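Descriptive analysis of the structure
Here's the letter readout for the chains.
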Amino acid sequence: GYAPRDEGPVAMGEGALEREVRLGPGGSVLVRVVDPAGAPAAGVGIEHRGPQGADGPAFGAPRVTDAAGELRFEDLAAGPHSFR
């Protein structure tokens, strides 16, 4: 029932540790981590916080990026999501 919406890449500058994005129903987020030279950074812990509750739940246990420096979060509920 919902068309996908591609927001495109959201770059985080040096020193940025957290980013909030607003998703439509069934949204997904692909996190890609690279080192300063642009090479994929494997094994980096990424925490996610979803939209439940007035202030949102606590961040969940970190999941880690794969060998390509990527980690995908899929079928997320509509609303604000934070990643750090």
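Details of the structure are given in the entry above.
Here's a quick rundown of the structure. (Residues numbered from 1 in each chain as written. Predicted model: local features only at pLDDT ≥ 70, side-chain atom pairs only at ≥ 80, totals over all residues. Heavy atoms only, no water.)

A few words on the pairing of strand E7 (residues 79-83). Buried residues dominate E7, accounting for 4 of its 5 residues. Relative to E7, strand E1 (residues 19-23) runs antiparallel, the two being bridged by 5 bridges. Among the inter-strand pairings, Arg 19 is bridged to a residue of E7, identified as Phe 83. Across 2 bridges, the pairing between strand E4 (residues 48-49) and E7 is antiparallel. Residue Arg 49 lies in a different strand from E7, and its bridge partner there is Ser 82. (Buried < 20%, exposed > 50% of the residue type's maximum accessible area, 1.4 Å probe, protein only. Helix = DSSP H or I, 4+ residues; strand = E, 2+ residues; numbered from the N terminus. Pairing = 2+ DSSP bridges.)

Spatial strand order, E1-E7-E4: 3 strands in an open sheet with antiparallel pairing. The sheet is open, and its two borders are formed by E1 and E4, each paired with just one other strand.

In this section: unusual backbone geometry. Even without being glycine, Asp 75 reaches a positive phi, approximately 50°. Here Asp 75 falls in the exposed class, since its relative accessible area comes to 69%.

Along the chain, the position of Thr 65 falls in the loop between strand E5 (63-64) and strand E6 (70-76). Since its relative accessible area comes to 5%, Thr 65 is described here as buried.

Spatial relationships are all this shows, so hold off on functional conclusions.
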